[in-house]
Amino acid sequence: MIDQFPALQIMVTLVAAPICVMIRNPRWSWVCAMVANTFAFLVSLVLLDKVLDDGVIRYAVGGWAAPSGIEYYIDAMNAAVLVLVSGISAVVLLYAYRSVAKSVPAEKHYLFYTAWMMCVTGLLGIVITGDAFNVFVFLEISSLSMYTLISFGQDRRALTASFRYLVLGSVGASFILIGIGFLYAATGTLNMSDLAVRIPESESQRAVLVAFSFLTMGVLIKSAVFPLHAWLPNAYTHAPVAVTAFLAGTATKVSLYVLLRFFFSVFGKDYSFGQHLLNGVLLPAAVAGFVLMSLVAIFQNDLRRMLAYSSVAQVGYIVAGFSLATQSGLTAGIVHVVNHGMVKACLFMAVGCILYRVGHVHTPSLDNLLKRMPFTCVAFIISGLGLIGVPLTVGFVSKFTLIQASLEKGWWAIAALVLLSSLMAIVYVGRVIEIMVFRRSRETGPESSGMSEAPLSMLIPLYVLVGVSLYFGINGSATLEVAGQAATYLLGGLQ
Amino acid sequence: MKLYPRQRHRVLQVVTKLVIPFVLMFGLYVQFHGDYGPGGGFQAGVIFASAFILHGLIFGLKRTRDVLSPTVLRFMMASGVLLYAGTGLVTMLFGGELLNYSVLAHEPTHGQHWGIFAVELGVGITVTGVMITLFYGFASKR
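For clarity, every value in this text was computed on a predicted model and none was experimentally measured.

### What about a nonpolar patch on the surface?
Residue and element names in this part refer to chain B. A surface patch of nonpolar side chains, amounting to about 430 Å² of accessible area, comprises Val11, Val14, Val15, Leu18 and Val19. Inspection of the secondary structure assignment puts Leu18 in helix H1 (residues 10-32). Given the relative accessible area of 55%, Leu18 is considered exposed.

Following this line, the structure appears as structure tokens:
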């Protein structure tokens, strides 16, 4: 039975999607999605446990052995990302029921959950597969359903945001496809571990270089690294807020995983960062990203937009960690993928609770919210502190590791800029907290007093995730250990 | 001579009625003969859908919708995917890997045959549904 788990990981949610279409009832299709997603989460936990104990798992789809057939390949790195994706999806889906009930018309609910299931399937598939072309197939599945999910947003701007993402996302996906095509032309194989062996021996190194450039561009667009992030703020602002929480926690993280997989496992560290000076491109983009986007976030008056810009900044930290290309740098990057995924999902869920009760998230008008929605505000403040990187939160663990890694390499300037951008985070998160907690309500109507907290079915998932992130903040070594093992695998190449 | 709307394009209507069964038949041929000759689920689905699209073009969208309502089409799209995925699950139940058709029957070649048959049928049903839905979507826009 346990041998079949890699296949079950994606099959369960894939089967749930058409069943949701057939059910057509909002409540039952949600139940179906929820059951499937919980099961997928349990499967990913078992897989992570097994990988950490016994090492790499390989699964040949259709019984066709690796270089010619499609293979699922699971090591510490993707097992961790699988847990992250399915876990965040499960928690946010639990939360989505009430949140979506208010913002999406009831007759479209089953389609919403169908798209959600397809999206999870795609994301899990990208992560689990060991076949380069299969990555593209799952990328398309997840992206197409993501555009659909975003377009469920309340007003018409969701449609333009979704379309904009569709255009840029398709450019990114086709760049990735062209890159894979060139790799296939140069080496004659699509299996990742086989590619890693054959790329150095390939006679057409120029084709490999072209593939490398296309893949880089494609993945950078998909993961919204700084100059290519134009699709992200609008998509995050106008999508239904549950979708935003889901996407912020998983979608860009999965693209970053693809980046890691291709640069470190397929091309190899020496090719990506030695010969072709990828850090000459990646590092400036990442650093400019986290400094400038933190600065932009300060001036946003819409809470969702502020968090969206902060997301681009956080992607900057992660990529900066990757481009150090050392054991500790990679560890920092991978830990931040997981930590930021949790924190951002929490923040957007809290924003969703505010949106549910207050009806808008215009920051300056959220004065004295602490009195009205104490639990939501406390959750927001805890996660906000995690975003800044206050000790005992997850943000501290990853930023501390990142600064350590850059000092280890002797890049003082990077460490200083990370600190500078954290200071900016204090400003933009602090501003919201100040308004929520300390500012007196301008209108003293009867409705502004009294508590009107979000429903429990939204607060409980929020607090579950806040609790988990606090746990990993206090017990930082748990995630660091997995990330360290993943980094060792990546630097050692595929076995 | 005054023509009622339903009498317009008489020739086209009669020819369409004659052609549609053959188109459907050819679709089924491409579907089920795909193992031996050129063909397969996708092509068959498109051919099968083209019969309905032709019907819609000649007799109007309303009458085609009476034959195949969007609700039925949604079921078709979902059931095709479900058939494909279900085949995968069945192979796993039989102890093989996902979509390893060899375990489906007493000997591998036979099993491969059954597996491909089921999977391609799933593809065909879904593609038919998607094609007609696309046609409905574009044709009902004003």
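Once you've had a look at it, read on.
### What to know about the pairing of strand E1 (residues 57-60) of chain A
Residues and elements named next belong to chain A. Burial along E1 is one-sided: Ile57 and Tyr59 are buried, and none of Arg58 and Ala60, which face the opposite way, are. Pairing geometry for E1 and strand E2 (residues 71-74), over four bridges, is antiparallel. Note that in E2 the partner of Ile57 across the bridge is Ile74.

### Quick notes on the packing of helix H2 (residues 26-54) of chain A against helix H4 (residues 109-128) of chain A
Residues and elements named next belong to chain A. Relative orientation of the contacting elements H2 and H4 amounts to 15°, with a least axis distance of 8 Å. As far as their axial angle goes, H4 and H2 are roughly parallel. At the point where H2 passes H4, the crossing takes the left-handed sense. On the side of H2, the interface is formed by Pro26, Ser29, Trp30, Ala33, Ala36, Asn37 and Ala40, while H4 contributes His109, Tyr110, Tyr113, Trp116, Met117, Val120 and Leu124. Looking at side-chain class alone, the contact of H2 with H4 contains 11 nonpolar, three polar and no charged residues.

### Overview of the nonpolar core
In this structure, A:Trp116, A:Phe262 and A:Phe267 are the most contacted members of the largest nonpolar core, which totals 201 residues. For this core, the leading source of residues is helix H14 (residues 327-358) of chain A, giving 19 residues. Contacts of A:Trp116, omitting those with residues within four sequence positions, involve A:Asn37, A:Ser89, A:Val92, A:Leu93, A:Ala96, A:Leu149, A:Ala242, A:Val243 and A:Phe246. In this structure, B:Ala49, B:Phe52, B:Met76 and B:Ile132 belong to the second largest nonpolar core, which totals nine residues.

What counts as what
- Residues numbered from 1 in each chain as written.
- Chains lettered and ligands numbered in written order.
- Predicted model: local features only at pLDDT ≥ 70, side-chain atom pairs only at ≥ 80, totals over all residues.
- Heavy atoms only, no water.
- Patch = residues over 30% accessible without salt bridge, like charges linked within 9 Å, V, L, I, M, F, W, Y side chains within 5 Å.
- Areas by Shrake-Rupley, 256 points an atom, 1.4 Å probe, with all protein chains shown as cover.
- Salt bridge = Lys/Arg side-chain N within 4 Å of Asp/Glu carboxyl O.
- Helix = DSSP H or I, 4+ residues; strand = E, 2+ residues; numbered from the N terminus.
- Buried < 20%, exposed > 50% of the residue type's maximum accessible area, 1.4 Å probe, protein only.
- Pairing = 2+ DSSP bridges.
- Axes fitted to C-alpha atoms, helices over the stretch in contact; angles between N-to-C directions.
- Parallel < 35°, antiparallel > 145°, perpendicular 65-115°, else oblique.
- Left-handed = near helix turned anticlockwise from the far one by under 90°.
- Contact = heavy atoms within 4.5 Å.
- Nonpolar A, V, L, I, M, F, W, Y, C, P; charged D, E, K, R; others polar.
- Core = buried A, V, L, I, M, F, W, Y, C linked by side-chain atoms within 4.5 Å.

Honestly, it's all geometry; don't read function into it.
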